[in-house]
Amino acid sequence: MTVTVVSVPDGGTTTVSVPEARRRLATDPFLFLRIELPEPEDQGEPGEPEQEVPVVRRLGLADEELEWFGRREESARAEFLGDVAGFVVPVVHDREVAHVHALAGERFLVVVHWGRAALAADITAQLRRERPRDAVATLFLLLQEALATFRRAAVQALLQVEELEDDMFEGRRPEQIYLLSQQRRWSALLHHALLPYLQAVEEVVTRRMMSPDFPAERQRLAREFQRAARLVLADIESLQDAARRAFASYGSLVAGEQNGVINRLAIVSVIFLPLSFLTGFFGMNFTFLTNRLDTRDEFWLLAVGLQLVAVVASLFLLHRSRIWRRLRDED
């Protein structure tokens, strides 16, 4: 694993060895460590000792209740263990939801991630601007930036859904429903990843805020985080509502087109139904037709004249009906 020491005042970074990081954790008054673990495909053989030893033990922070820290398969969580708080924070990175582990004490903050750092540049920039006083303030800065990744992803997806909905009214295309399905699945993934994490953090933060020895400055940071969490969750729910509304709009457009097709079929049926009746009627061999219709003029008068009268009457009635006016307005 790669251990990087991040300087809080200026955001500078220095790569150190694991023994050096362990020594500085025991001596420095405030230390921010960023640990990069290899991706699964980059790891060595499963039996290598380096991969078997938990991160907390290698850093000299051995605690049986923190064995989960640094394990890739861990789900979102938030725990307060005496003077140490541990978090598994979901982060949106490259259209995927990843998890970052954070362990905070009074004098240190250790962040573990896999592969390229999803929050490295953002946290470094925030450190230069905010200049947090201690590890807890830096931790809340990290949690706020993780929420910001969800907010940016939700707002970007929301704008794409609205653009798709506008395009549908200009011209409906089959690929639009596929793109809407992708955005709807993405909104569900964001909600599924964020909601359990917020519930766990809310429980821990609320319990700490009720403690009389919880400093006022940290209470302010906790309230700001809770407010930002509610706003991000509202953005994701707005994205879900927009996706459902876009699906409803698409269904309405399809239903409207189907109604137009049905109306045109009804017009054709109204025109040809009298013709079919007359054709069937004069095609029957009963006495009147066989004995009375002797001349060609009588045939043209009844067989063709009635057909023309039926067609003209049908067109006249359709022209006066609402269906005809509706189709004319749509065209």
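All of the points below concern the structure found in this document. (Residues numbered from 1 in each chain as written. Predicted model: local features only at pLDDT ≥ 70, side-chain atom pairs only at ≥ 80, totals over all residues. Heavy atoms only, no water.)

1. Brief notes about the layout of surface pockets
Reasoning step 1: In this structure, the largest pocket encloses a volume near 440 Å³.
Reasoning step 2: Lining the largest pocket are 19 residues; nearest its centre among them are Glu 130, Ala 137, Leu 141, Arg 220 and Leu 221.
Reasoning step 3: For the lining of the largest pocket, the secondary structure elements donating two or more residues are helix 4 (120-130), helix 5 (135-170) and helix 7 (216-282).
Reasoning step 4: Broken down by element, the residue count for the lining of the largest pocket peaks at seven residues, all from helix 5. (1 Å grid on protein atoms, 1.4 Å probe; cavity = no way out; pocket = protein on both sides within 12 Å on 5 of 7 lines; lining within 4 Å. Points joined across faces, edges and corners; volume = space filled by probe spheres on them. Helix = DSSP H or I, 4+ residues; strand = E, 2+ residues; numbered from the N terminus.)

2. Observations concerning the sheet that holds strand 3 (residues 31-37)
Reasoning step 1: Read from one edge of the open sheet, seven strands run 2-1-3-7-6-5-4, paired in mixed fashion. Looking at strand neighbours, the two that pair on one side only are strand 2 (13-16) and strand 4 (77-81), the edges of this open sheet. Ignoring strand direction, the axes of neighbouring strands in this sheet form an average angle of 25°.
Reasoning step 2: As defined by bridge partners, strand 3 adjoins strand 7 (residues 108-114) across seven bridges and the pair is classed as parallel. Along strand 7, the bridge assignment pairs Ile 35 with Val 112. (Pairing = 2+ DSSP bridges. Axes fitted to C-alpha atoms, helices over the stretch in contact; angles between N-to-C directions.)

3. Structural notes on the nonpolar core
Reasoning step 1: In terms of nonpolar packing, the biggest core is built from 55 residues, with Phe 87, Leu 190 and Leu 194 touching the most fellow members.
Reasoning step 2: When residues of this core are traced back to their parent elements, those giving at least two are strand 5 (84-93), strand 6 (96-104), strand 7, helix 4, helix 5, helix 6 (174-209) and helix 7.
Reasoning step 3: With 17 residues, helix 5 is the single largest residue contributor to this core.
Reasoning step 4: In this structure, Val 18, Leu 37, Trp 68 and Leu 103 belong to the second largest nonpolar core, which totals 25 residues. (Core = buried A, V, L, I, M, F, W, Y, C linked by side-chain atoms within 4.5 Å. Buried < 20%, exposed > 50% of the residue type's maximum accessible area, 1.4 Å probe, protein only.)

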